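So you can see what is in the structure, the chains are spelled out below.
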Amino acid sequence: MHRHEVAGKTKGEKLAMNENKPEIVRCGALNVQVCVPENWTDHQAVEFAEKHYPCGTTLGWCVRKDPELLGDDPERNPCSKRKGCVHIMMDC
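Residues numbered from 1 in each chain as written. Predicted model: local features only at pLDDT ≥ 70, side-chain atom pairs only at ≥ 80, totals over all residues. Heavy atoms only, no water.

**Description of the nonpolar core**
The biggest cluster of nonpolar side chains holds 13 residues, and the ones touching the most others in it are V34, V36, A45, A49, W61, I88 and M90. Of all elements in the fold, only β4 (31-37), α2 (42-52) and β7 (85-91) reach the threshold of two or more residues within this core. (Core = buried A, V, L, I, M, F, W, Y, C linked by side-chain atoms within 4.5 Å. Buried < 20%, exposed > 50% of the residue type's maximum accessible area, 1.4 Å probe, protein only. Helix = DSSP H or I, 4+ residues; strand = E, 2+ residues; numbered from the N terminus.)

This is the structure we're talking about:
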């Protein structure tokens, strides 16, 4: 096995996998923004947010869909740093 291979994956493949790893981008008392793979459902994104930054309310996090709250931004905003990922805002 070559040095740049890790558990059957090359270094490039490993980096590509990390690029699509979900993450919390921004969090506040009443909202959270996640960066998740673009093929994730709203339910998957909410589950991820709840696991890593619990809302603490009965209803939990809800994907922001209200056009007034979104302003001119789309509900799923493509990530400028990670190809294939989107940012999703959630409110409690």
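Here the narrative resumes.
**Re the side chain of D91**
Topologically, D91 is positioned in strand β7. The exposure class of D91 is buried, given its relative accessible area of 17%. A polar contact is formed between the side chain of D91 and the side chain of R64, at a distance of 2.6 Å. With residues up to four places along the chain from it excluded, the contact list for D91 reads L30, N31, G60, W61, C62, R64 and L69. (Polar contact = N/O pair within 3.5 Å; in protein donor to acceptor, adjacent residues only side chain to side chain. Contact = heavy atoms within 4.5 Å.)

**What to know about the packing of aromatic side chains**
On inspection of all chains with the given rule, the structure shows two aromatic pairs. Aromatic side chains W40 and F48 sit 6.2 Å apart centroid to centroid with 75° between the ring planes, which places their arrangement in the edge-to-face category. Aromatic pair Y53 and W61: ring centres 6.1 Å apart, planes at 15°, arrangement stacked. In this structure W61 comes out as buried when scored by relative accessible area, which is 3%. (Phe/Tyr/Trp six-rings, centres within 6.5 Å; stacked < 30°, edge-to-face > 60°.)

**Comments concerning the environment of C92**
Mapped onto the elements, C92 comes out in the segment after β7. Owing to a relative accessible area of 43%, C92 belongs among the partly exposed residues under this scheme. Look past the residues within four positions of C92 in its chain and what remains in contact with it is A29, L30, C55, T57, G60 and W61.

**Thoughts on the pairing of β7**
Counting buried positions over the seven residues of β7 gives seven, a clear majority of the element. Taking every second residue as pointing to the same face, both faces of β7 are buried, with C85, H87, M89 and D91 on one and V86, I88 and M90 on the other. As defined by bridge partners, β4 adjoins β7 across seven bridges and the pair is classed as antiparallel. Bridge assignment links V36 to a residue of β7, and that residue is V86. (Pairing = 2+ DSSP bridges.)

**Describing the environment of R76**
Looking at the secondary structure, you find R76 in strand β6 (residues 76-78). With a relative accessible area of 25%, R76 lands in the partly exposed category. Sequence separation between R76 and D42 is 34 residues, and the spatial gap between their C-alpha atoms is 9.8 Å. Ignoring anything within four residues of it in the chain, the contact list for R76 reads E38, W40, T41, D42, V86, H87 and I88.

**Section: the pairing of β4**
With six of seven residues buried, β4 lies mostly within the body of the structure. The antiparallel hairpin formed by strand β3 (residues 23-27) and β4 contains three residues in its connecting segment.

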